Amino acid sequence: MLINDTDALRWLVCVVISLCLPFPMQKTGLLFSFVFVLISARPKQRKFLFFWLSSVLVILFWQLKPPPALTPPRISGTVSAVSANSFILENPQGRFQVISENRPGLDDQVEVEGESSAFEENYSFYGFDAKAWSLREKLNGRMFAKTVKIVSAGKTPRAFLYRRIEAIRDPAARALAGKLILGVNEEEGGLAILLRCGFQVSVLIQGLGMICGWFWTDRSVRRIRLGTVLGIAAILHFPYPLVRLVLSEGFRLNPHRDKIETFKTKWLLLALLAPRRVATASFLLPFAFALLAMFPARSAPRTARFTLSWTMQSFLFHAVNPMMVLGMRVLRWGLALCTLGSLAGLVFTPFMSFSVSLAGLLDQVLGWGGELPGQLSWLIVILAGVAGAFPKRVRMILFGGLIGIWTLLGWWHPWASLTLIDVGQGDSILIRLPYNQGNLLIDTGKPAALDQVEAMLQGEGVRRLDALILTHEDDDHSGNKVALIEAYQPAQVIETMTEPLTLHGLTIFNLNPDSETRQGNEGSLVLLLRMQDLTMILSGDAPAEIEQKILDQIPGLRADIVKLGHHGSRTSSCARWLQTLRPIVALNSSGRNNRYQHPHPEVVQRLEDCRIGMFDTKQEGDIRIVMTPICNFLFTARRGFAIIG
């Protein structure tokens, strides 16, 4: 292949892969990639190692900066970015996120008073990590604003555009124009993925170049393209996607420059400018497509492009949209037309209506294919490899057929699993049956944890629940009951259990004899279930009194897995309970820095006396047990691992 013999390109790909690893593993990845390139490089090509080592030192130095101090109670500065319920404020001390419903305009001078808050690290398989986001955006702190005072309105071209957009009466048109032109109120999903990459601007510049090519020479067209991109970037204060476009157009001025040398220099500069953005859509999607373009056309069939797009979506997001894979080119040109219509609509209103209608049509097109779980990424690579062994004429038909069969039969989820979702000081447990035969949610966490629960359901590809069980009515167990019933339409909602629940071969028993007659924690369901060869007891918030009653009724009760009662409170998980059940592992769901000190030291001591290992969401984040025919595996979001039974 064209790029296989190029050590510089091999080195760049190694660096990018290393930076995409979780933060604790990045240094190891960089070291191994350095050794790999050193061993595989030809002697005359080892000069590239100097550039590699220089970039590594810059990246590590940037990452090892001390964490920022807490935000002072009063700050002032310039508004540099705006979203739905927050804005970014810049001053000589740094950049700060301000949470406020009162949204100032871009480039306004403001004064803010409020309470500071640290960015918390989120140990989750799918959830949003605020700390990683703050590092990527180079934020020095966060403030929950009590008052926001606008000292003076912005006087930049960007501020003028923002005020012009805010003057649009139609809310839908106003929101769309803000997204397309200024990147305001973006969401991670759908068309916003392409907007975050700046694809609509690149297509507009491409169209401009085509038109100018009818009247001017190629050299003049390249200068016009570069000048246009520079002008747009300057007006918008050089957002990251436009920096990439400026570099691309700058290198285009010299068409005789070595193709691989240009590729290496451009993406190296982008990686060094913002190392933390390497694992985001704004870097990875353009990089992946640019890398694929380096292959000769005959070596890059359509299947390879679809596979790449699918894998990138799987890596970056909870789910894959097949229509975004199949219609990437159409969507990019559609967004460019929407952007052009919104810009024209600022002067002539009918163009804005056209832009809104076209954006609505694109959203509908995206919805036609539905969404598939992000877990499918490696499966898609395997299926594409199988399809690639057949003639070109049948590759796409075979590829699509294999995906359809695999999805319909549930082969992408062949094993049963139980996941303890990190919802802080609360409970929520997702149980999935093999081959996607059933999905069961036990408890929903408190209202503040709704995003974590939905991220897990979306990431796992759950679109409908077969059953929702609520162990009792406390807010930290059933706080999202209404929202989840509306969104996932469970076939059964169970709040009292007098008879065993059978779901596609899985039977769940309630062991608490007082669950119907008593309220509060004493009436909490205590669930017994057996999956594969594992017996599990999920204790809800049942106190030691209920545990004793259960043992009196079932003296020989045993369990391999036990979820500690009441989040590890000392009023639950009594010594007799643990000694009788003799579990291999105890699971617990508690919040970081919770005021109850859960799990209580007395409970921890009881577990140690019984030689029972414990995994707690407070330290591990999401905890998952996967049950295979060979053995059972336990994984945690912080890369904890164990083999059970």
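How each quantity is defined
- Residues numbered from 1 in each chain as written.
- Predicted model: local features only at pLDDT ≥ 70, side-chain atom pairs only at ≥ 80, totals over all residues.
- Heavy atoms only, no water.
- Helix = DSSP H or I, 4+ residues; strand = E, 2+ residues; numbered from the N terminus.
- Buried < 20%, exposed > 50% of the residue type's maximum accessible area, 1.4 Å probe, protein only.
- Pairing = 2+ DSSP bridges.
- Salt bridge = Lys/Arg side-chain N within 4 Å of Asp/Glu carboxyl O.
- Phe/Tyr/Trp six-rings, centres within 6.5 Å; stacked < 30°, edge-to-face > 60°.
- Contact = heavy atoms within 4.5 Å.
- Axes fitted to C-alpha atoms, helices over the stretch in contact; angles between N-to-C directions.
- Polar contact = N/O pair within 3.5 Å; in protein donor to acceptor, adjacent residues only side chain to side chain.

Participant: Looking at this structure, I do not really get the environment of Leu343. What am I missing?
Facilitator: Position of Leu343 among the secondary structure elements: in helix α15 (residues 328-345). Residue Leu343 is classed as partly exposed on the basis of its relative accessible area, which comes to 38%.

Participant: Which parts of the structure should I look at to understand the sheet that holds strand β12 (residues 493-494)?
Facilitator: Within a sheet, neighbouring strands are paired by backbone hydrogen bonds and run either parallel or antiparallel to one another. Spatially, the eight strands line up as an open sheet ordered β12-β11-β10-β9-β8-β20-β21-β22, and their pairing is mixed. Looking at the sheet topology across the chains shown, the edges are occupied by β12 and β22 (641-644). Where strand β8 (residues 416-420) and strand β20 (residues 623-627) come together, five bridges link them in antiparallel fashion. Directly across from Leu418, in β20, lies its bridge partner Ile625.

Participant: Quick question: what am I supposed to make of the pattern of salt bridges here?
Facilitator: Pairs can form between side chains of opposite charge once their charged atoms are near each other. Applying the stated criterion across every chain, the model contains 19 salt bridges. Two residues, Arg95 and Glu90, come together in a salt bridge whose shortest N-O distance is 2.5 Å. Overall, the relative accessible area of 31% leaves Glu90 in the partly exposed class. Linking Arg592 and Asp422 is a salt bridge whose minimum nitrogen-to-oxygen distance equals 2.9 Å. Taken together, the residues span a long stretch of sequence, with Arg592 in the loop between β18 (585-588) and α24 (601-609) and Asp422 in the loop between β8 and β9 (429-432) at a distance of 170 residues. Judged by its relative accessible area of 5%, Asp422 is buried. Among the charged side chains, a salt-bridge network with shared partners connects Asp514, Arg518, Glu545 and Lys549.

Participant: Help me understand the packing of aromatic side chains in this model?
Facilitator: Here the distance between the centres and the angle between the planes together describe a pair of aromatic rings. Tallying each qualifying case throughout the model produces twelve aromatic pairs. The interplanar angle of 40 degrees and the centroid separation of 5.8 Å between the aromatic rings of Phe263 and Phe287 together place this pair among those described as tilted. Of this pair, Phe263 sits in helix α11 (residues 259-273) while Phe287 sits in helix α12 (residues 281-293); the two residues are 24 residues apart in sequence, bridging distant segments of the chain. Look at Phe263 and you get buried, because its relative accessible area is 6%. Feature note: the residues Phe263, Trp267, Phe283 and Phe287 constitute an aromatic cluster, connected by ring pairs.

Participant: Honestly, the environment of Val203 in this entry has me stumped. Any pointers?
Facilitator: Within the secondary structure layout, Val203 lies in helix α8 (residues 199-212). The class for Val203 is buried, based on a relative accessible area of 2%. It is 9.2 Å that separates the C-alpha atoms of Val203 and Leu337, two residues lying 134 residues apart in sequence. Beyond its immediate sequence surroundings of up to four residues, Val203 is in contact with Arg332, Trp333 and Ala336.

Participant: Whenever I open this one, the pairing of strand β10 (residues 439-442) confuses me. Can you help?
Facilitator: Every regular strand shows the same layout, with side chains that alternate between the two sheet faces. Of the two faces of β10, the one carrying Asn439 and Leu441 and the one carrying Leu440 and Ile442 are both buried. Bridge analysis of β9 against β10 gives four bridges, and the strand direction is antiparallel. Bridged to Ile429 within β10 is Ile442. What sits between the antiparallel neighbours β9 and β10 is a turn of six residues, in which Tyr435 has the positive phi angle 55 degrees. Judged from the three bridges that link them, β10 and strand β11 (residues 467-469) form a sheet pairing that is parallel.

Participant: Looking at this structure, how should I read the sheet that holds β18?
Facilitator: Read from one edge of the open sheet, seven strands run β13-β14-β15-β16-β17-β18-β19, paired in mixed fashion. For this open sheet the edge positions go to β13 (501-503) and β19 (613-616), each flanked by a neighbour on one side alone. Here the average twist between neighbouring strands, direction ignored, is 20 degrees. Note: β18 against β19, four bridges, orientation parallel. Paired with Leu587 across the strands is Phe615, a residue of β19.

Participant: Help me understand the side chain of Thr580, please; the structure alone is not making it clear to me.
Facilitator: The topology assignment puts Thr580 in helix α23 (residues 575-581). One polar contact links the side chain of Thr580 to the main-chain carbonyl oxygen of Arg576, over a distance of 2.8 Å. In contact with Thr580, other than residues within four places in its own chain, are Leu551, Pro555, Leu557 and Arg558.

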